[in-house]
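Here is how the chains run, residue by residue.
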Amino acid sequence: MAVLQKRLFCSAVPKKWPVKQVTKTNFPESLEEIKRHISSSDFVAVSLQKTGSFSAPWHRLLPFDTADTAYSKAKSSAERFQLFQFALCPFSLENSKLVAHPYNYLLYPRDELKLGMPSYSFSCQSSHLTSMAREGFDFNACIYHGISYLSREQETAAKIRIGNPSPSTLVVDSSFAPSVADSIFMERLKSRVIRWKSACQKPKDSRNEVLMNSLRKLIMGSEYYGSRPSINLDVCSERQVQLVLEVLREFSDELVPLLIPAKSGGTQAVRVVLASSKEDKEFFEEELRCREEEENKKFRGFREVIDLISASQKPVVSYNSLTDFTFIHSKFLAPLPPTIDEFASSLRPVFPHVLDVSHLMKVVRPLRKVANIPVAISYLNNHFFAPVDIEISHQATENEGRNHGLNVIRICHLFAKLCSILKIGSSSTMSGNDVLLAPALEECTNVFNAFSTSSEESIDEDISVWTESTRKVSCEHLVFLWGFGSGTTAGKLKSLLNKSHYVSSKEFDIRLVDKSCAILVFWQPGLAETFLDVMNNSEEITGSLRELVSEGLRAASYETYKRVCKLPIWEADLGESLDRALEDSDCLTEAHSKATPKEIYWSNDDMINLDEL
Amino acid sequence: MNRHRPTAAALSRALSRAFSASASAAEPSSASASSFPQKLVTRSNFEAALAELRRHVRAADFVAVDLEMSGVTSAPWRESLGFDRSDVLYLKVKHSAEKFAVIQFGVCPFRWDSSKQTFVAYPHNFYIFPRQELPTIDRSSYEFIWQTGSIDFLARYQFDFNACIREEMLSVCEFEPNWVISGISYLSRRQEDEALRRLNSGDEDESSATCYNSKDAGDIPLVAMADILFSERMKNRLSEWHDWLLQPRNREFQFQGSSNDSKQKFQTLFFMMWPAVNLIGFTSHQLRLIQLVVRKNFKDLTYVHVKGDNVFSQHLVVYTDSKDDRDLLIKEVNNEHRKRAEKKIQAAVGFRHVVDLLSSERKLIVGHNCFLDIAHVYNKFIGPLPSTAEEFVSSVSKYFPHIIDTKILLNTHQVLRQRMKKSKTSLSSAFTLLCPHISLSFAALESYVKVEVEVDDLRSSSWNSGAKHDAGYDAFMTGCIFAQACGYIGIDFKLHSPSESLAENEKLQKHINLLYLSWTNADIIDLTNGNKVTASVEYSQKKRYSNVVFENVVLIWGFPSELKARHIRECFSKTFGVTSVTFVYQMDPTAVFVQFSKTKLVSDFLSLMETLEKNNDPISVLHPLSELLKGGNTRAATYETYKQICGTPISKVLFADQAEAFGAKRKTDFVESSKTAMDTQEDKNPVSENSVFVDLLSAPWGEKAAQAASNYAGKTKPGMIDNLENDSFHGCLSGDEILNSVYAAEETQLVRTS
């Protein structure tokens with residue numbers, strides 16, 4: 001394979017970084033190749049093209065979100081939207097050389113098995129579709145040639161629905177003690193099997209063969225499984241399956257039991273296949289394994305690639321890991337669990353190391369506010385000397401049309417630059433089979449775990465990174481304000497509140513979250529509570545605040561916001577959602593336990609940058 | 001998930017005639033006919049096509065329409081069920097129209113050409129796409145659902161998905177094609193009104209031109225040394241320019257600043273009629289500083305920002321003589337801004353011009369099973385759908401006074417019903433049956449109404465677009481069916497004078513403005529008064545569930561997934577007796593409808609369920625209903641709650657998830673709310689906890705309880721248990737079926753008791 005090299009000192013992204021485009025047609029043959037690349041690389045970068053992100057400004061991840069609320073938001077978007085492209089790039093870093101093998105998979109949730117899977121329907125945002133269209137995304141190619149998939153959970157369900165027999169994996173319990181009823185059942189079964197077996201093994205009488213066969217079929221339920229005779233033993237419970245397997249153990253030289261799943265789960269029957277000899281039995285078992293492998297490929301589709309990454313246990317590099325991995329979990333593993341802790345523990349065995357580039361970027365202070373990858377790369381190019389050689393293993397193929405999935409190379413590139421600038425990892429720690437992550441990378445690994453366990457240490461570390469303009473604020477010091485009518489600015493609100501004399505301007509700060517709602521942060525403990533008390537006991541209110549409340553101003557604590565995200569109530573305006581959460585709260589008061597106060601970071605930017613995501 | 005239940009298939013077929021109409025029809029394609037071109041309209045040729053269409057619609061006798069959507073149901077349980085009440089049906093249609101996008105809109109005006117004694121049809125196929133053109137509109141209108149099944153269906157007919165989103169424009173300078181958006185976008189009347197209202201109230205933030213003369217220009221304190229120096233320099237430069245302006249005219253028109261390097265940034269020009277400096281090449285931060293300088297230091301200079309389309313945006317400092325002059329400038333700028341904004345809104349109206357045209361011309365609109373289509377038209381181009389069917393139809397009739405549905409016509413008109421001979425009334429089969437002279441280019445018999453199709457000056461007397469399934473062709477077929485149907489019911493177009501409107505024709509009066517609320521239920525709604533008409537007797541054989549008593553229906557969801565309709569029926573038979581339940585219908589894997597034989601049983605069941613959940617003693621554990629309640633997630637509610645759940649905008653695939661998202665409350669709330677609805681009954685029959693249990697112990701389920709109890713105590717009776725398990729196993733084979741007879745359950749009961 002010819003190697004194409006490009007030396008990059010300037011920020012301009014070269015027009016042709018060839019990314020291998022994979023569709024349904026070339027998917028099967030690309031599998032071996034990607035498998036090789038994954039196992040020879042140190043990292044795997046991923047980048048997803050989604051059909052939508054969030055439906056209202058406040059639905060995106062905001063700086064004041066805790067891990068829980070951030071997860072709720074990511075979950076709701078991952079559940080509704082779909083992936084159209086999955087770009088994947090196994091890569092290795094050696095000094096300043098980046099060896100990358102970029103692939104771009106075109107996905108479409110086609111119902112290949114006619115089971116209503118993987119997805120009955122999905123949402124799209126026209127803004128996402130139009131921006132894809134501008135980049136020349138081919139929707140016909142996606143719908144006609146996109147690769148389908150099933151999540152792990154859907155695969156299990158599909159196998160049951162299809163009802164193909166599978167070799168028994170049940171191990172007979174050693175502490176197995178048959179009751180009287182069991183013994184009767186087993187005896188009956190055994191005699192039936194023996195009768196059937198001897199009938200099958202009788203020297204063939206060619207004259208009556210056909211007749212005998214049909215008689216056998218009629219009387220004993222004897223059939224053929226391929227070329228081998230078989231018999232179906234109906235079972236009614238998993239216990240009976242055990243009993244059947246126990247009986248069959250005696251004949252293990254010749255008989256192969258297959259379990260036929262029931263539509264409602266569990267096992268419907270045990271199919272016993274008679275092999276002519278021990279060798280034949282082994283041959284048959286091999287045949288079954290091959291068939292199952294084929295079947296699995298058909299079921300899994302693109303998920304095969306996800307399983308390959310998972311099996312390699314290589315660290316996965318993503319730009320925004322919470323968003324990406326909620327999508328990956330819901331599309332390829334199983335439906336998303338309700339809490340971030342369950343999510344993290346469900347994801348950990350599958351992807352033990354998830355590196356978040358946007359998190360890593362925050363280490364380089366000026367990059368904190370940069371929200372897009374090309375800008376970040378060009379900033380690093382202009383301010384640091386960290387040349388990265390990119391070596392891409394594919395040949396550019398001119399006739400393939402558009403080169404999609406470039407973003408994944410940009411992620412690799414940015415990651416390589418950051419590693420080089422931050423002096424993370426020499427080649428020795430990065431390569432090798434067991435991945436030893438440099439300590440600096442640990443910080444951006446599995447960020448969703450880190451934040452959710454909220455160990456004191458990690459928080460302390462973070463604050464040293466964020467310095468000056470960031471202050472640590474407890475959620476208890478935050479108050480949401482809404483109902484102030486449209487067109488109000490944070491400044492106006494601040495001066496209005498200041499005039500009310502309940503709070504002085506030095507003690508708080510205020511920003512608009514969306515046009516309907518503002519967030520208020522108090523710098524001293526207890527003030528938020530006092531403020532809420534004043535707001536909620538209207539009799540005591542006087543002066544301009546009374547006027548504001550009469551005009552419809554409302555306030556709620558951070559707990560209410562948490563409830564909004566947890567329930568969730570995704571109205572277009574946050575004010576609307578908070579109102580609804582308060583309406584429901586009466587019947588829920590007993591439900592929300594006193595949670596440990598979470599701390600978040602409050603940065604002193606003029607406005608919460610709503611374009612951040 | 002059970003997309004392949006026969007009923008479901010039939011339902012979705014009925015609902016989405018647009019998608020499935022010609023699925024079953026084998027249409028032999030004739031080469032000459034199928035090569036006839038389609039009139040495709042995208043953004044690039046929309047203006048021209050609209051002008052042409054205006055002409056054709058004005059001259060037309062009727063206009064046939066058809067829509068292709070991105071899907072019909074967002075979840076299996078949203079499909080219209082045979083026994084849905086009409087208000088629930090409307091909510092389902094409403095949800096569908098709100099959540100899915102229209103991607104193709106077929107419009108086909110038909111004009112009677114008396115000289116040639118033939119109809120002339122002008123099919124148009126518009127690709128439309130809900131692209132957000134104005135930033136102020138609520139984002140939710142620009143999010144829509146794709147139903148994978150519908151896309152698969154369209155894909156089978158080689159639908160061009162790219163065409164509704166993008167098209168290629170070869171740009172001059174580059175090799176790579178430049179993609180532009182091809183789908184025509186639109187604004188509904190409501191959205192347009194909203195945008196104009198915002199414009200008038202001035203509270204929109206994306207003003208395209210602004211005068212910064214007031215204090216709102218963002219106070220940035222000058223702290224950084226660089227900012228102070230820059231401001232000072234700008235102040236000098238501006239005052240230089242100011243002085244130069246006021247000097248007696250010298251020959252040199254262009255202002256030459258003192259420093260050369262920044263010359264290109266200061267360019268004198270006229271803004272309307274005022275001299276101005278065009279600020280080019282400054283960063284937004286620098287512009288903000290200049291703004292500050294102008295405000296603080298120059299009374300006769302005004303900072304103006306003109307936001308143009310795309311990249312064209314001007315920042316200017318304008319000179320005015322006096323305060324009046326300045327006020328005039330501000331007025332002019334605001335006017336200009338307003339005009340521009342209005343123009344932008346006008347441009348954003350886009351495809352709605354076509355709908356406005358159909359509405360304003362008050363022509364007879366012809367559709368085929370078009371209730372959903374009309375709901376889409378209303379939601380996309382008029383405004384949010386009203387919450388009830390009655391309000392909806394009364395609004396619709398304001399915009400479209402004459403609508404006729406060919407499916408209703410074919411099914412209700414005596415003459416046509418005989419002619420159809422009970423064959424299918426799907427669009428394409430009706431077309432092949434009624435108009436073979438068009439679809440198969442048969443020699444036209446005397447009884448056939450002739451139709452010629454005209455696209456861009458090409459004419460043909462037959463048109464068969466073969467496998468291609470699109471809105472333009474479907475609209476054409478609908479129109480042809482209607483023309484032929486009129487011929488059969490005795491409307492003679494040859495005698496028909498152009499002044500006479502078809503909509504007023506008395507032969508059509510009985511059939512006009514009637515739509516199928518749902519084809520499956522054969523529920524017809526009258527657009528003129530909102531009355532629901534039940535279909536004629538011969539047709540009511542479709543109504544399998546005509547005897548549903550909604551007060552007796554309970555909805556149960558969240559039960560263990562291995563339980564199927566049959567098991568649930570057994571649970572109830574054992575609890576309340578074999579005749580207690582008239583049907584159990586599995587809506588989706590997580591939910592069932594249960595209809596009790598008596599209304600009282602609804603409240604009995606709901607309160608019993610509550611008691612069982614509270615108690616955890618052996619009696620509750622062994623109760624036959626406990627099987628249903630296993631797992632602790634089982635909820636139940638009345639049909640009214642079901643209606644409320646259907647009305648929510650959330651779209652979850654599984655009903656249990658939807659109900660949970662809707663409720664976001666404790667399970668008891670459901671039971672409670674249902675209970676209040678049942679209050680009257682309960683008052684008459686007070687059920688104390690104890691009496692319930694005594695009652696139940698003597699009920700037919702006693703036997704199983706006894707067995708289970710002995711099992712519990714470790715004394716198993718092998719044969720019996722075997723039997724039971726076998727029995728319950730049988731049930732899951734037919735789990736998905738609708739069990740609308742009690743016989744099966746009764747049989748097993750008899751076996752057991754004997």
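As a reminder, the structure under discussion sits directly above these lines.
Since the model is a prediction, treat every value here as computed from it, not as a measurement.

Trainee: Break down the overall build of chain B for me, citing the residues and quoting the values.
Mentor: For chain B, the helix and strand inventory stands at 30 helices and 24 strands. Among the 754 residues that make up chain B, the fraction classed as buried is 56%. A separation threshold of at least 6 residues defines the contact pool for chain B, and within that pool the share at least 24 residues apart is 74%. A total accessible area of about 32,700 Å² is found for chain B, and carbon and sulfur atoms account for 52% of it.

Trainee: Before we move on, could you go through the sheet that holds strand 24 (residues 635–638) of chain B and cite the residues and values that matter?
Mentor: Strand pairs in the sheet, formed through backbone hydrogen bonds, run parallel or antiparallel to each other. All names here are of chain B. Pairing is antiparallel across the open sheet formed by four strands, whose spatial order is 22-23-21-24. The sheet terminates laterally at strand 22 (581–588) and strand 24, the two strands that pair on one side only. Here the average twist between neighbouring strands, direction ignored, is 20°. Where strand 22 meets strand 23 (residues 591–596), six bridges bridge the pair, whose relative direction is antiparallel. The residue of strand 23 that forms the bridge with valine 584 is valine 594. Seen against the sheet, helix 19 (residues 565–576) touches strand 21 (553–557), strand 22 and strand 23 and runs at an angle of roughly 150° to strand 22. Helix-sheet contacts for helix 24 (residues 655–663) involve strand 21, strand 22 and strand 23, and the interaxial angle to strand 21 is about 100°.

Trainee: An account of the sheet that holds strand 17 (residues 478–482) of chain A is requested, with residue identities and associated values reported.
Mentor: All names here are of chain A. An order of 18-19-17-20 is seen for the four strands of this open sheet, with the pairing classed as antiparallel. The two strands at the open ends of the sheet, each matched to only one other strand, are strand 18 (508–514) and strand 20 (554–557). Shown here is a sheet whose adjacent strand axes are inclined to one another by a mean of 25°, direction ignored. As paired elements, strand 18 and strand 19 (residues 517–522) share six bridges and run antiparallel to each other. If you follow aspartate 514 over to strand 19, its bridge partner there is cysteine 517. Against the sheet, helix 23 (residues 558–566) engages strand 17 and strand 20, with an angle of about 80° to strand 20.

Trainee: How would you explain helix 1 (residues 27–40) of chain A if you had to name every residue and give the values?
Mentor: With 14 residues, helix 1 of chain A extends 20 Å from end C-alpha to end C-alpha; this agrees with the ideal 20 Å at 1.5 Å per step. Listing the buried residues of helix 1 of chain A in full gives Phe27, Ser30, Leu31, Glu33, Ile34, His37 and Ile38 of chain A.

Trainee: Which residues make up the packing of aromatic side chains, and what values do they have?
Mentor: Residues and elements named next belong to chain B. Taken as a whole and assessed by the stated rule, the structure comprises 62 aromatic pairs over all chains. Taking the centre distance of 4.8 Å and the plane angle of 10° together, the rings of phenylalanine 62 and phenylalanine 110 count as stacked. In this pair, phenylalanine 62 sits in strand 2 (residues 62–69) while phenylalanine 110 sits in strand 3 (residues 102–113), placing the two residues 48 residues apart along the sequence. Both residues of the pair, phenylalanine 62 and phenylalanine 110, count as buried. With a centroid separation of 6.1 Å and an interplanar angle of 65°, the aromatic rings of phenylalanine 105 and phenylalanine 381 are classed as edge-to-face.

Trainee: Any details on the environment of leucine 189 of chain A? Residues and values, ideally.
Mentor: Residues and elements named next belong to chain A. Here leucine 189 shows up in helix 6 (residues 180–201). For the pair leucine 189 and leucine 243, spaced 54 residues apart in the sequence, the C-alpha separation amounts to 9.2 Å. Contact partners of leucine 189, with chain neighbours within four places excluded, come to Leu233, Val244 and Val247.

Trainee: Now, about the pattern of salt bridges: what can you tell me, with residues and values included?
Mentor: In total, this model carries 44 salt bridges over all chains according to the counting rule given. A salt bridge links arginine 85 of chain B to aspartate 87 of chain B, with the nearest nitrogen and oxygen atoms 3.0 Å apart. You can call arginine 85 of chain B buried: its relative accessible area is 19%. A salt bridge links arginine 459 of chain B to glutamate 452 of chain B; the shortest N-O distance between them is 2.8 Å. Using a relative accessible area of 33% as the deciding quantity, one classes arginine 459 of chain B as partly exposed. One continuous salt-bridge network, built from bridges that share partners, spans Arg152, Glu155, Arg300, Arg303, Glu304 and Asp307 of chain A.

Trainee: So what about the nonpolar core? Which residues, and what values?
Mentor: Residues and elements named next belong to chain B. Phe105, Phe126, Ile128, Phe351, Phe392 and Ile403 are the most contacted members of the largest nonpolar core, which totals 49 residues. Those elements that provide at least two residues to this core are helix 4 (46–59), strand 2, helix 5 (86–99), strand 3, helix 11 (352–360), helix 12 (371–381), helix 13 (389–399) and strand 18 (514–518). It is helix 12 that provides the largest number of residues to this core, a total of seven residues. Ignoring anything within four residues of it in the chain, the contact list for phenylalanine 392 reads Tyr90, Phe371, Ile374, Ala375, Tyr378, Leu385 and Pro386. Grouped together as the second largest cluster of nonpolar side chains are 45 residues, Trp112, Leu364, Cys435 and Tyr488 included.

Trainee: Residue-level account of a negative patch on the surface, with values.
Mentor: All names here are of chain A. Together, Glu476, Glu529, Asp533 and Glu540 line one region of the surface with negative charge. Inspection of the secondary structure assignment puts aspartate 533 in helix 21 (residues 527–536). When its relative accessible area of 46% is taken as the criterion, aspartate 533 is described as partly exposed.

The rules behind these values
- Residues numbered from 1 in each chain as written.
- Chains lettered and ligands numbered in written order.
- Predicted model: local features only at pLDDT ≥ 70, side-chain atom pairs only at ≥ 80, totals over all residues.
- Heavy atoms only, no water.
- Helix = DSSP H or I, 4+ residues; strand = E, 2+ residues; numbered from the N terminus.
- Buried < 20%, exposed > 50% of the residue type's maximum accessible area, 1.4 Å probe, protein only.
- Contact = heavy atoms within 4.5 Å.
- Areas by Shrake-Rupley, 256 points an atom, 1.4 Å probe, with all protein chains shown as cover.
- Pairing = 2+ DSSP bridges.
- Axes fitted to C-alpha atoms, helices over the stretch in contact; angles between N-to-C directions.
- Expected span 1.5 Å × (residues − 1).
- Phe/Tyr/Trp six-rings, centres within 6.5 Å; stacked < 30°, edge-to-face > 60°.
- Salt bridge = Lys/Arg side-chain N within 4 Å of Asp/Glu carboxyl O.
- Core = buried A, V, L, I, M, F, W, Y, C linked by side-chain atoms within 4.5 Å.
- Patch = residues over 30% accessible without salt bridge, like charges linked within 9 Å, V, L, I, M, F, W, Y side chains within 5 Å.
- Lys, Arg positive; Asp, Glu negative; His and termini not counted.
- Charge placed at Lys NZ, Arg CZ, Asp CG, Glu CD.

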